[in-house]
Amino acid sequence: STAVTKNTKINKFPRVMDARTALAGLAGAFAALLVHRMYRDHVRRIKMRKILGELHKRIEKLRLTTEDLLKLAETVNVKVLKREEETLRRVASARKDLSRVSPQRARFLLRRGVVVALVRGCLWERALVSDEEVKRIGVAQVTEMAKWGEDSEYELNYLRTIHADLARTFPHTKGFERKGRYLPRLEKVLRAYASQDKQIRYVQGMNSVAGLCCLSATDDAQAFRLTNALMRHPGYRHREVFGRGQGRDIGFPLACQLGWILDRLMEKYHPKLSVHLNKTLAMMNCPKGMFSGRNVGFMTLKWFLTLFASVVPPPVSLHIYDLFVADGHVAALRAAMLSIADVESQWLATPVGDTKVLQPKLWHHKADPDGCPSEDLRDTWTRDPWALVTAIRASPPSVEEFEALRSEYAQLQAMKKTAS
């Protein structure tokens, strides 16, 4: 039994050794795995450090580049601000110099087309407004006058018409779009003028005239002074275009006068076209005279009521207004004669009796009733306004011829009143 026990103990050692070897092997494997993971993490940390270092370098480079760009932008802004300040200083200096020129000199500059948009209002004011009125009517006075329109139903009716016309005034021109910066000024000017002109108050079409004054003026007060002068200045009295008729009188007395003069000019300078159009009118039982008599309200109101402001784009009509301020309503007649001369061949080729001649939009532009007077004049009216100024100045009538025809019209009106 002792021998058997010894053999049994001797046989246990290999088993113990096998377990220890297995445990040692597992421990070694675990240690190797742990070392491998640690090495892998170490490698990853090294790579991450390299990546972070590279990112840091790029970020630092980007920061330096951003700083350089900010410094450059600041330098550019400073230069731009200096240029703007210099421009404003020069404009202010030019306005100050022009505010001292005589009305005759201002009209001369306007007539020659020597006009920059930033000083247009100043030149118009020198030609139209007296120094006393400039001192008397300021922004505060215009703001006070513009409170008119809410005290009675009578005033509210005019105010509703003004509000409706605000949206129709040069809707495609920058500053006159919805919530545009010129619309509050235009409303203030129209209400202020309506408070002063108790006979007419407001008539549709005044918004176009006042709109161009707002476009040219430097502030609300100057816009009102220009509008008021164009309407009531003894040399212009454009308000008479908007006069209302009574009974069988169609109204628009100044428009009727200009239409009659335009027909006389047609007979003299475009006799074939005048005869051709009058034949068409006779066949349609319309009164003789394409632009006068009963036809004045149909054919020429877009020309004379707004002085072409509702016919051509505002940037172009401003040049027509330059000539109007310089020479008065003779400039509007010259612009009309230029338009008629341009479409003469087109209408002479139209058969007698063709109703197209009584469609005003075709006298302006085929596709756009608010566009240029004709397709042929589009380049002149849109691309080269200086050529337009020259062409209008070269068109009839002369000032002497205009005054003679106006006197003749006045005599005819006096004879009609005496006969009635």
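Everything quoted here is computed from the prediction, not taken from an experiment.

Participant: Please clarify how the packing of helix α10 (residues 253-269) against helix α19 (residues 399-419) should be interpreted in this entry.
Facilitator: Geometrically, a packed helix pair is captured by the angle between its two axes and the distance between the axes. Two elements in contact, α10 and α19, have axes separated by 10 Å at closest approach and are oriented at 120°. Here α10 lies oblique to α19, going by the angle between them. Relative to α19, α10 is oriented so that their crossing is right-handed. Between α10 and α19, the contacting residues are P253, C256, Q257, L258, W260, I261, R264, L265, K268 and Y269 on the first element and E401, F402, L405, R406, E408, Y409 and L412 on the second. Residue composition of the contact of α10 with α19, by class: 11 nonpolar, one polar and five charged.

Participant: Just to check I follow, could you spell out unusual backbone geometry for this structure?
Facilitator: For residues that are not glycine, phi is negative in most cases, and the peptide bond is trans in most cases. With an omega dihedral of 10°, the bond running from P396 to P397 counts as a cis peptide bond. Structurally, P397 is set in the loop between α18 (385-394) and α19. A positive phi angle is found at R237, which is not glycine, with a value near 45°. Note on placement: R237 falls in the loop between α9 (220-232) and α10. With relative accessibility at 32%, the residue R237 sits in the partly exposed group.

Participant: Explanation requested: a nonpolar patch on the surface in the structure shown.
Facilitator: A contiguous nonpolar patch, built from M48, I51, L52, L55 and I59 and spanning about 480 Å² of accessible area, is present on the exposed surface. Mapping I59 onto the fold places it in helix α1 (residues 2-98). The exposure class of I59 is exposed, given its relative accessible area of 54%.

Participant: Mind showing me how you'd approach helix α14 (residues 314-327) here?
Facilitator: Compared with the 20 Å implied by 1.5 Å per residue over 14 residues, the 19 Å span of α14 between its first and last C-alpha is a close match. By the burial criterion, the buried members of α14 are P314, V316, S317, L318, H319, I320, Y321, D322, L323, F324, V325 and A326. Positive phi shows up at G328, right after α14, with a value of about 85°.

Participant: Teacher, can you tell me more about the packing of aromatic side chains here?
Facilitator: Aromatic rings in a pair are described by how distant their centres are and how their planes are angled relative to each other. Within the structure shown, the criterion is met by 10 aromatic pairs. A ring pair is formed by F176 and Y182, whose centres lie 5.2 Å apart and whose planes are at 25°; its orientation type is stacked. Classification of F176 by relative accessible area gives buried; the value is 2%. Both rings, one in W303 and one in F308, keep their centres 5.7 Å apart while their planes meet at 15°; by these two values the pair is stacked. The buried category is assigned to W303, whose relative accessible area is 1%. The class of F308 is buried, set by a relative accessible area of 0%. Taken together, the ring pairs connect W124, Y236, Y321 and F324 into an aromatic cluster.

Participant: Would you explain the side chain of R225 in this entry?
Facilitator: Mapped onto the elements, R225 comes out in helix α9. For R225, a relative accessible area of 7% gives the class buried. Among the polar contacts listed, one links the side chain of R225 to the side chain of E125, at a separation of 2.6 Å. Leaving out residues up to four positions away in the same chain, R225 has contacts with E125, V129, E133, V134, I137 and G138.

Participant: Sorry if this is basic, but what is going on with the environment of C286 here?
Facilitator: Secondary-structure assignment places C286 in the loop between α11 (271-283) and α12 (296-299). You can call C286 partly exposed: its relative accessible area is 25%. Apart from the residues within four sequence positions on either side, C286 is in contact with L281 and L358.

Participant: Explain the nonpolar core to me, please; I cannot follow it from the model alone.
Facilitator: Generally speaking, soluble globular proteins have nonpolar side chains that are buried together. Core analysis: the largest hydrophobic core is formed by 103 residues, its most contacted members being M206, L262, M290, F291, W303 and W363. Here M206 is in contact with L190, Y193, I200, R201, M231 and F242, once residues within four sequence places are set aside.

Participant: I would appreciate a short explanation of the confidence of the model for the protein in the present structure.
Facilitator: Note that predicted coordinates carrying low pLDDT should not be read in detail. Mean pLDDT over the protein stands at 84; residues scoring 70 or higher make up 89%. Contacts for the low-pLDDT stretch residues 1-10, under 50 throughout, to residues beyond four places or in other chains number zero contacts. Long-range and interchain partners of residues 366-376, a stretch whose pLDDT sits below 50, account for 32 contacts in this model, where long-range means more than four residues apart.

Reading guide: rules and limits
Residues numbered from 1 in each chain as written. Predicted model: local features only at pLDDT ≥ 70, side-chain atom pairs only at ≥ 80, totals over all residues. Heavy atoms only, no water. Axes fitted to C-alpha atoms, helices over the stretch in contact; angles between N-to-C directions. Helix = DSSP H or I, 4+ residues; strand = E, 2+ residues; numbered from the N terminus. Parallel < 35°, antiparallel > 145°, perpendicular 65-115°, else oblique. Left-handed = near helix turned anticlockwise from the far one by under 90°. Contact = heavy atoms within 4.5 Å. Nonpolar A, V, L, I, M, F, W, Y, C, P; charged D, E, K, R; others polar. Buried < 20%, exposed > 50% of the residue type's maximum accessible area, 1.4 Å probe, protein only. Patch = residues over 30% accessible without salt bridge, like charges linked within 9 Å, V, L, I, M, F, W, Y side chains within 5 Å. Areas by Shrake-Rupley, 256 points an atom, 1.4 Å probe, with all protein chains shown as cover. Salt bridge = Lys/Arg side-chain N within 4 Å of Asp/Glu carboxyl O. Expected span 1.5 Å × (residues − 1). Phe/Tyr/Trp six-rings, centres within 6.5 Å; stacked < 30°, edge-to-face > 60°. Polar contact = N/O pair within 3.5 Å; in protein donor to acceptor, adjacent residues only side chain to side chain. Core = buried A, V, L, I, M, F, W, Y, C linked by side-chain atoms within 4.5 Å. pLDDT = per-residue confidence, 0-100.

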